[in-house]
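Now for the letters of each chain:
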Amino acid sequence: MLHIVDDEDVLRDSLVWLARSRGIDACGHASAHLFLEQAAARFDAQGDCLLLDVRMPDLNGVAVFDQLVARGLIARLPVIFLTGHGDVPMAVDSLKRGAFDFFEKPFDGNRLMDRVEEALALSRQAGASALVQARLASLSAREREVLDLILAGKMNKVVADQLGISMRTVEVHRAHIFDKMQVKTAVELAGLLK
């Protein structure tokens with residue numbers, strides 16, 4: 001989802017239209033406060049990106065960016081700044097702190113949407129990685145040991161011998177691992193964790 005935060009109705013609506021014309025799901029937010037209240041806490045692994053105006057009356061884009069950085073959301077929510085009043089030091093500082101890009105108004109809409117697509121792909125990748133990490137964190141210490149041996153290509157009998165447990169216990173751990181990691185085969189598991 002592309003979130004567009006800009007206090008200019010015409011620009012915001014035209015960016016929503018442009019994004020949708022490229023097959024990008026987009027929504028506009030008239031103010032930074034509305035965005036932070038309604039959307040900022042609900043990002044998922046499907047990918048999100050934020051087009052953020054620098055100068056707005058209620059809360060400026062840099063202050064919003066600071067809040068997102070403090071919440072640790074920048075990896076999953078790439079931010080592209082839009083401004084008609086930017087300067088080089090502001091752009092450099094924003095990029096150093098993790099902004100995805102910085103566009104000055106007027107801008108080339110197609111170039112902007114190309115960067116949005118790149119940012120969404122990055123966000124999806126970060127979201128998928130976070131999901132895999134959460135699944136890994138749900139494994140017990142013994143399941144992690146079994147997982148490592150499965151990934152090394154060891155058969156259940158070898159895993160049982162190396163860990164000093166029964167083959168049936170290995171089978172139970174293996175089933176739990178596959179269930180928690182949401183895979184059906186060792187090949188799927190290896191592909192998920194590559």
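The present account deals with the structure reproduced in this document. Given the structure is predicted, the values throughout are model-derived calculations rather than measurements.

## What about the side chain of T83?
Along the chain, T83 turns up in strand β4 (residues 79-83). Assessed through its relative accessible area of 1%, T83 is described here as buried.

## Things to note about helix α6 (residues 141-151)
Among all positions in α6, only E143, V146, L147, L149 and I150 are buried. Buried residues of α6 fall within an arc of 165° about the axis and therefore sit on the same side. Of the surrounding elements, those touching the buried residues of α6 are α5 (109-137), α7 (156-163), α8 (167-181) and α9 (186-192). Where α6 terminates, the next one or two residues include G153, which has phi positive at roughly 85°.

## Quick look at the pairing of strand β3 (residues 49-53)
Across the five residues of β3, five count as buried, placing the element largely inside the fold. Residues C49, L51 and D53 of β3 are buried on one face, and the alternating residues L50 and L52, pointing to the opposite face, are buried as well. As judged from the four bridges shared by strand β1 (residues 2-5) and β3, these two strands associate in the parallel manner. Paired with L2 across the two strands is C49, which belongs to β3. Sheet topology note: the β3/β4 ladder contains four bridges and is parallel. Bridging from a neighbouring strand, D53 pairs with L82 of β4. The β-α-β motif built from β3, the intervening helix α3 (residues 61-70) and the parallel element β4 has right-handed crossover chirality.

What counts and how
- Residues numbered from 1 in each chain as written.
- Predicted model: local features only at pLDDT ≥ 70, side-chain atom pairs only at ≥ 80, totals over all residues.
- Heavy atoms only, no water.
- Helix = DSSP H or I, 4+ residues; strand = E, 2+ residues; numbered from the N terminus.
- Buried < 20%, exposed > 50% of the residue type's maximum accessible area, 1.4 Å probe, protein only.
- Arc of directions from axis to C-beta.
- Contact = heavy atoms within 4.5 Å.
- Pairing = 2+ DSSP bridges.
- Right-handed = clockwise from strand over helix to strand, strands pointing away.

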